[in-house]
Amino acid sequence: FFFLINQMGNLLKVLTCTELDQGPNFFLDFENAQPTDCEREVWNQVNAVLQESESILSGLQAYKGAGQEIRDAIQNPNDMLLQERAWNSVCPLVIRLKKFYAFSLKLEEALQSLLESLTCPPYTPTQHLEREQALAKQFAEILHFTLRFDELKMRIPAIQNDFSYYRRTISRNRLNNMNLDIENEVNNEMANRMSLFYAEATPMLKTLSTATTNFVTENKTLPLENTTDCLSTMASVCKVMLETPEYTSRFNSEDTLLFCMRVMVGVIILYDHVHPNGAFNKSSKIDMKGCIKVLKDQPADNVEGLLNALKFTTKHLNDESTPKNIRTMLQ
């Protein structure tokens, strides 16, 4: 899933803004980046979280829901056998949903550690990306996971149906003779937090944008630009890789293209949530027109979810200050 082997080893060629305007020649060695000694501590901590991500995705992919059992139970309220069957189908699903939710909290912590490393003085965000490529790669992997998780979740309406059935049943305590051990696992307070999480169209993205916003507000001594420049630089790198044929021709698989696109969209969304004027404004350091064009040049199936993410999970798209042509591009 990782892009671009830089022929010159772990070298990131970094350019000034003026050069960026002419189209940068930008390598991020996302394929082979290995942590240096100064990255290792944070890298290990984040890696422990990322190792779980594939099993989280396959757990979500395999989520079938208990729709039929719940319908049978609701239609036959006096049939205790059907009530029990619905309850026994929903409980393991709720445990699984709790696992996904708990993972979002770990991801939040991992993201904040990476932001801390990639924004701290005295280096500029661009220098950080040059020096700490293994951490930049992990940041990209978190965004890649997040967009994949949310794309899958959007296609599974069963999640919210199962969960609200669980909450209704517990609050009515209709099943007093049934196994209520699950209440220790998912008590009322936990159920409330999970409910807020799953009510979001894109829960993992929401978690990350809140985490990024909190990171900025909690680190009052750190200039906001350190964080927003880190995000806008990542967006530029991905855009250039995607629109430069000599780079894309070196990609080993189509997955690499998708990886690049997801990371680009992810950092745009975070930037839009954290920067007071957002990503779409004329003053934004992200070339939104270029980024949207790059997406629109890809097969529609690959980018529909990503264009929707820009439309529905950004904060500033509908601001007065958003140029009309950008809004039109996303319609």
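Residues numbered from 1 in each chain as written. Predicted model: local features only at pLDDT ≥ 70, side-chain atom pairs only at ≥ 80, totals over all residues. Heavy atoms only, no water.

Note the threshold: UniProt positions are given in the numbering used here, feature names are shortened, and annotations may be inferred rather than shown by experiment.
Under an unreviewed UniProt entry, the protein chain has the name Family with sequence similarity 49 member A and belongs to Cyprinus carpio carpio. Word for word, the UniProt comment on the protein chain under Subcellular location (unreviewed entry) is "Membrane".

## Focus: the overall build of the protein chain
Spelled out, the test is: Only DSSP runs of H or I reaching four residues or more are called helices, and only runs of E reaching two or more are called strands; each is numbered from the N terminus. For this analysis, residues touch if any pair of their heavy atoms sits within 4.5 Å. Surface exposure here means Shrake-Rupley accessible area, sampled with a 1.4 Å probe, where a residue is shielded only by the protein chains that are shown.
Within the protein chain, the regular secondary structure consists of 17 helices and zero strands. Considering only intrachain contacts with a sequence separation of at least 6, the fraction spanning at least 24 residues in the protein chain is 76%. Entry remark: accessible area of the protein chain is about 15800 Å², with carbon and sulfur atoms responsible for 50%.

## Overview of the packing of helix 2 (residues 40-50) against helix 7 (residues 133-154)
If you want to describe how two helices pack, look at the angle between their axes and the distance between the axes. The line we're drawing: Here an axis means a line fitted to C-alpha atoms, over the contact stretch when the element is a helix, while the angle between two N-to-C directions is reported on a 0 to 180 degree scale. Angle categories: roughly parallel below 35 degrees, roughly antiparallel above 145, roughly perpendicular from 65 to 115, and oblique for all the rest. The hand of a helix crossing depends on one turn: near helix anticlockwise from the far one by less than a right angle means left-handed, and clockwise means right-handed.
Viewed as axis vectors pointing N to C, helix 2 and helix 7 meet at an angle of 25°, and their least axial separation amounts to 10 Å. When the axis of helix 2 is compared with that of helix 7, the two are roughly parallel. As for how helix 2 packs across helix 7, the hand of that crossing is left-handed. Between helix 2 and helix 7, the contacting residues are Val42, Trp43, Val46, Asn47 and Leu50 on the first element and Ala134, Leu135, Gln138, Glu141 and Ile142 on the second.

## Here's the deal with the pattern of salt bridges
What counts here: Think of a salt bridge as a Lys or Arg side-chain nitrogen and an Asp or Glu carboxyl oxygen that are within 4 Å of each other. Burial here depends on accessible area, computed with a 1.4 Å probe over protein chains only, as a share of the maximum for the residue type. Under 20% is buried, over 50% is exposed, and the range in between is partly exposed.
Taken as a whole and assessed by the stated rule, the structure comprises 10 salt bridges. Arg193 is the salt-bridge partner of Glu189, the closest N and O atoms lying 2.8 Å from each other. Of this pair, Glu189 and Arg193 both sit in helix 10 (residues 188-199), four residues apart, which is roughly one turn of that helix. Judged by its relative accessible area of 52%, Glu189 is exposed. Notably, a salt bridge pairs Asp287 with Lys239, separated by 3.3 Å at the nearest N-O pair.

## Thoughts on the side chain of Ser209
With respect to the helices, strands and loops of the structure, Ser209 is situated in helix 11 (residues 203-218). Since its relative accessible area comes to 4%, Ser209 is described here as buried. Beyond its immediate stretch of four places on either side in the chain, Ser209 contacts Leu270 and His273.

## Observations concerning helix 7
Basically, it comes down to this: One less than the number of residues in a helix, times 1.5 Å, gives the span that helix is expected to have.
Between its first and last C-alpha atoms helix 7 spans 32 Å; for 22 residues at 1.5 Å apiece the expected length is 32 Å, and the two agree. Counting buried residues along helix 7, 21 of its 22 residues qualify, which places the element largely inside the surrounding structure.

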